[in-house]
Structure formats: structure tokens, C-alpha cells
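Structural overview for review
Chain residues, written in single-letter form:
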Amino acid sequence: SFLCGNPITLNSLPEGQTEKSLLEVLKKSWKLNKLDYESKKLAIIMMAETEVAELWFAEAAGKGYWKGTPNDKAKVKLRLRTKILANSLGDTLYPVFNSFGDMIAFGREYSVKKNGKDEQRFDLYTEDFNYLHVNNGTTWVQNKAKNLFSKIPVIYYSQPKPEWDDVQEMIDRLETLVSNLADANDYSAFPIMFVQGELEGF
């Protein structure tokens, strides 16, 4: 809630019409990609799984998509889209950093359904090229395409430990107690003895 409970505000003092137009297009892309909502999802996944990524890509813009923006006048035919990548969503993430901590490549391993079967894929993004690999069942086939963004189109988020790390020992202890109790119930079921009758001699 403290991280992104309130919408992120874009503060900018654009100079000239070009920068003003760019800011207008940026705000529309932000709104239509629902980044205020997506930011919350990114934070939740990162805090639970310790890593998550945001993949940006371009696709054809529908008719009237850029209406009322400078891109309409310029007849821009593409729009920006985002996709969240995470282990819980079926992705294995492979960020590659140099010795200075800069990300120089990013890999994503995943599978898609094709003809009722899982098709294994591996995408590798660099500043210059995107290497898209498909496993055809016997070998990997590579499709190399120029990266039109000239930047790795991925924002990678990570943290060393999950949010509950400071209480993990207590969680383990509670789970052990519950497990032991369950084992005792499975073996003998409580109570283990029941006596019925009348007391004599009193």
C-alpha cells in the first residue's frame, strides 16, 4: 500500500511541441496499459516470489486508437503493450548482468499450447537483437530479429528475500506442530481410550 497505493504521478516540464506531444502519448499509453493497476500486481508478485519482470512489446493499433493525440496526425500504426512475467505465471526468468550491475540481456523460458501439445520456447532480448527460440521436439530453432527499441524491452524487479522472511522460523515451527498433531491423529486418533461403566466402592 505504501509502495503504490496511490497512483504514480508523472511530473514533467516539456520544452517545445515535440516533448509535449511525447508526454501526451506517454500518458495515454500509461492509461491504456493500466499501469497503476499493473504496478500493484508487480509489487505483490515481487514481494512473494522475490522476482518479476515487465515485458514491453509493440503491436498493431486498432482504428481510432490514437484519436485525439499527436500520433493520430502522424498516422502511427503501432501501440505499446505490456506483459507481466513471473514463475507463478509459467515463466522462468534469466536476467544477465555485467560486472557493473547493468542488465545486458534478458532471457525468458516458457511454453505455449500448440495443436494440443506444450511447445517449449526461449526468448533472449538484447539491445540490438531479439533471439526467439522454439523447440520443435528434436532441436531448437532460432529466429533472430532486430530490436527496434534499441533497448532491452524488459524491466526486471527483484528483492533478496520474501516479505515474511523475518517470521519464517515461527511459520516452520507452527507447521511442524500441526504436522505432528496430524500424524498422531492418523496413527491413534484422539482420544486413544474410552471407558464406560459404573464406579463401585464409593
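Described below are features of the structure shown in this document. These numbers were taken from a predicted model, which means no experiment stands behind them.

**Focus: helix 1 (residues 16–32)**
Owing to its 3.6 residues per turn, the α-helix aligns residues three or four sequence positions apart on the same side. Here helix 1 contains 17 residues, and its C-alpha end-to-end distance of 25 Å stays within 8% of the 24 Å for a straight helix at 1.5 Å per residue. Buried positions along helix 1 lie against helix 3 (70–73). K34 lies just past helix 1 and shows a positive phi near 55°.

**Quick notes on the nonpolar core**
Grouped burial of nonpolar side chains is what soluble globular proteins tend to show. A53, L55, L85, L93, F106, Y125, I152 and V154 form the largest nonpolar core, which has eight residues in total. Ignoring any residue separated from it by four or fewer positions in sequence, one finds V154 in contact with A53, E54, L55, M103, F106 and Y125.

**Side note on the sheet that holds strand 5 (residues 117–125)**
Strands sit in the order 3-4-5-6-7 across an open sheet of five strands; the sheet is antiparallel. Taken across any chain shown, the strands that pair with only one partner, and hence form the sheet edges, are strand 3 (92–97) and strand 7 (140–146). Averaged over all adjacent pairs, the angle separating strand axes in this sheet is 20°, with direction ignored.

**Observations concerning the sheet that holds strand 8 (residues 154–158)**
Sheet architecture is open: three strands sit in the order 2-1-8, paired in antiparallel fashion. With partners counted over all chains shown, the strands left at the sheet margins are strand 2 (78–85) and strand 8, one partner each. Shown here is a sheet whose adjacent strand axes are inclined to one another by a mean of 20°, direction ignored. The pairing of strand 1 (residues 51–60) with strand 8 spans five bridges and is antiparallel. In the strand pairing of strand 8, L55 is matched with V154. Contacting strand 1, strand 2 and strand 8, helix 2 (residues 35–49) runs over the sheet at an angle of about 145° to strand 1.

Rules used in this analysis
Residue positions within a chain follow its written sequence, with the count starting from 1. Side-chain atom pairs in this predicted model are given and counted only at pLDDT of 80 or more, local residue features only at pLDDT of at least 70, and totals for whole chains, interfaces and linings cover all residues. Side-chain measures were taken over the full set of non-hydrogen atoms in the model, leaving aside hydrogen atoms and water. Elements are defined by DSSP. Helices are runs of H or I of four residues or more, strands are runs of E of two residues or more, and each kind is numbered from the N terminus. Helix span, as expected, comes to 1.5 Å for every residue beyond the first. Residue contacts follow a heavy-atom distance rule, with two residues in contact if any of their heavy atoms lie within 4.5 Å. Definition of nonpolar core: a set of buried residues of the types Ala, Val, Leu, Ile, Met, Phe, Trp, Tyr and Cys, connected through side-chain atoms within 4.5 Å. Classification of residues uses two cut-offs on accessible area relative to the type maximum, computed with a 1.4 Å probe and protein chains only: under 20% is buried, over 50% is exposed, and between them is partly exposed. By this definition, two strands are paired if DSSP reports at least two bridges between them. Axis lines are fitted through C-alpha atoms, for helices just across the contact stretch, and the angle between N-to-C directions can take any value from 0 to 180 degrees.

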